[in-house]
Amino acid sequence: VSIPGTVVQLGWCAFYACSSLKSITLPESVVKMDAYVFRECTALEKVNIPDKVPMLGEHVFAECKSLKTIRIPKGVTHIVSYAFDGCTGISTLPLPEALTYIGGSAFNGCTLLDGSLSIPAGITQISDSAFKDCSSLTGIAIPGDVTYIGANAFNGCTGFTEMTIPNSVQTLGNGCLPLSLTKLT
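Numbering of residues starts from 1 in each chain and follows the order in which that chain's sequence is written. Residue-level local features of this predicted model are given only where pLDDT is at least 70; pairs of side-chain atoms are given and counted only at 80 or more, and the full residue set underlies all totals for whole chains, interfaces and linings. With hydrogens and water set aside, each side-chain value is computed from the structure's full complement of heavy atoms.

Here we look at the overall build of the protein
Helix and strand definitions follow DSSP, with helices as H or I runs of at least four residues and strands as E runs of at least two, each counted in order from the N terminus. On a plain count of helices and strands, the protein comes out with zero helices and 15 strands. For a compact globule of 185 residues, the expected C-alpha radius of gyration is about 16 Å, and the protein comes in at 16 Å, within 12% of that figure. For the protein, the proportion of its 185 residues judged to be buried stands at 49%. Carbon and sulfur atoms provide 53% of the accessible area of the protein, an area that totals close to 8,100 Å². Here the globule rule reads 2.2 Å times residues to the power 0.38, and the radius of gyration is calculated from C-alpha atoms. Note on classification: 1.4 Å probe, protein chains only; a residue is buried when its accessible area is under 20% of the maximum for its type, exposed when over 50%, partly exposed between these limits. Accessible surface is estimated by sampling points in the Shrake-Rupley manner with a 1.4 Å probe; for residues, cover comes only from the protein chains shown.

So, in structure tokens, the structure goes:
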């Protein structure tokens with residue numbers, strides 16, 4: 001599917017549950033992606049997010065289980081709640097340096113997301129269940145700006161054996177750490 005260059009906004013539920021949609025090309029004219037735009041597009045494998053989009057709406061790609069390739073533009077500052085919840089096909093996800101907010105359950109259940117993930121320096125909080133059940137992640141680099149790690153933020157990240165919590169952290173939410181840890185500093 002290709003969207004014409006005159007479109008600037010993808011409204012709420014624009015492609016919700018389009019279960020046959022495999023790929024979509026969004027024009028650079030798109031500057032806003034509302035909530036639930038691609039939720040439950042279970043066959044969606046690839047999507048480009050235009051460079052001018054500053055925020056990914058709630059549930060924007062939630063339950064897109066076939067989504068493998070996603071490039072988050074360098075200008076995205078907010079990934080809100082449940083944006084990639086249940087996207088079990090994503091294995092890599094470089095986070096843009098401009099990112100300042102990761103919402104609750106943003107990457108919950110991204111079970112193939114693997115390797116070590118670096119949280120950008122502008123992040124001050126890791127919301128509740130942000131990376132819950134990302135069982136293939138093996139580590140995370142938390143910047144010194146983070147003051148809050150929410151409830152269940154890394155619960156179920158069974159690939160973690162070591163974790164460093166920066167001195168800036170003031171609050172550790174209930175169940176926020178993975179049970180697989182053998183070393184915590």
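Examining the side chain of Arg39
Inspection of the secondary structure puts Arg39 in the loop between β3 (32–33) and β4 (46–48). Residue classification places Arg39 among the buried residues on the basis of a relative accessible area of 14%. Residues adjacent in sequence count toward polar contacts only when both atoms are side-chain atoms; beyond that, a polar contact is any pair of N or O atoms within 3.5 Å, and within protein one must be able to donate a hydrogen and the other to accept it. A distance of 3.2 Å separates a polar atom in the side chain of Arg39 from a polar atom in the side chain of Glu40. With sequence-adjacent residues up to four places away left out, Arg39 is seen in contact with Phe15, Tyr16, Ala17, His59, Val60, Ala62 and Glu63. Here, residues are in contact when the closest pair of their heavy atoms is within 4.5 Å.

With respect to the sheet that holds strand β2 (residues 23–24)
DSSP-based pairing: two strands are paired if at least 2 bridges between them are found. Here we have three strands laid out as an open sheet, ordered β2-β4-β6, and parallel in their pairing. Each edge of the sheet is formed by a strand with only one pairing partner; in this case those strands are β2 and β6 (69–71). Summarising the sheet, β2 and β4 pair through two bridges and their orientation is parallel. What sits directly across from Ile24, in β4, is Val47.

Regarding the state of the cysteines
Pairs of cysteine sulfur atoms within 2.5 Å are what we label disulfides. Here the structure, examined in full by the defined rule, presents zero disulfides. No disulfide involves Cys134; its nearest neighbouring cysteine sulfur is the one of Cys110, lying 5.0 Å away. Free of any disulfide, Cys157 has its nearest cysteine sulfur in Cys134, 5.2 Å distant.

Here we look at the environment of Gly103
Within the fold, Gly103 resides in the loop between β8 (101–102) and β9 (115–118). Beyond its immediate sequence surroundings of up to four residues, Gly103 is in contact with Ile79, Val80, Ser81, Ser127 and Ala130.

Digging into the environment of Leu184
Summarising the element assignment, Leu184 is placed in strand β15 (residues 183–184). Counting along the chain gives 120 residues from Leu184 to Cys64, while the straight-line C-alpha distance between them is 33 Å. The contacts of Leu184, once residues within four sequence positions are left out, are Met163, Ile165 and Leu177.

Examining the packing of aromatic side chains
Think of it this way: a Phe, Tyr or Trp ring, Trp meaning its six-membered ring, pairs with another when their centres are within 6.5 Å, and the plane angle makes it stacked under 30 degrees, edge-to-face over 60, tilted otherwise. Tallied over the entire structure, the rule returns nine aromatic pairs. When the centroid spacing of 5.4 Å and the interplanar angle of 5° are considered together, the rings of Phe38 and Phe61 count as stacked. Residue Phe38 is located in the loop between β3 and β4, and its partner Phe61 is located in the loop between β5 (55–56) and β6; the two are separated by 23 residues in the primary sequence. Here the two residues Phe38 and Phe61 agree in accessibility, since each one is buried. Taken together through their ring pairs, the aromatic side chains of Phe15, Phe38, Phe61, Phe84, Phe107, Phe131, Phe154 and Phe160 make up a single cluster.

Details of unusual backbone geometry
The phi angle at Glu63 is positive, at roughly 65°, despite the residue not being glycine. As for its position among the elements, Glu63 is in the loop between β5 and β6. With a phi close to 60°, Ser105 is a non-glycine residue in the positive phi region. The topology assignment puts Ser105 in the loop between β8 and β9.

Describing the nonpolar core
Nonpolar cores are built from buried Ala, Val, Leu, Ile, Met, Phe, Trp, Tyr and Cys residues. Side-chain atoms within 4.5 Å join them into one set. The biggest cluster of nonpolar side chains holds 57 residues, and the ones touching the most others in it are Phe38, Phe61, Phe84 and Phe131. For Phe38, the contacting residues outside a window of four places in its chain are Leu10, Phe15, Leu21, Ile24, Leu26, Met33, Leu44, Val47, Val60, Phe61, Ala62 and Cys64.

Some points on the pattern of salt bridges
Every case where a carboxyl oxygen of Asp or Glu lies within 4 Å of a side-chain nitrogen of Lys or Arg is listed as a salt bridge. Considering all chains together, one arrives at five salt bridges under this definition. Ionic pairing is found between Asp133 and Lys132, a salt bridge with its closest N-O pair at 3.2 Å. Asp133 sits in the partly exposed class, given a relative accessible area of 30%. The exposure class assigned to Lys132 is partly exposed, which follows from its relative accessible area of 24%.

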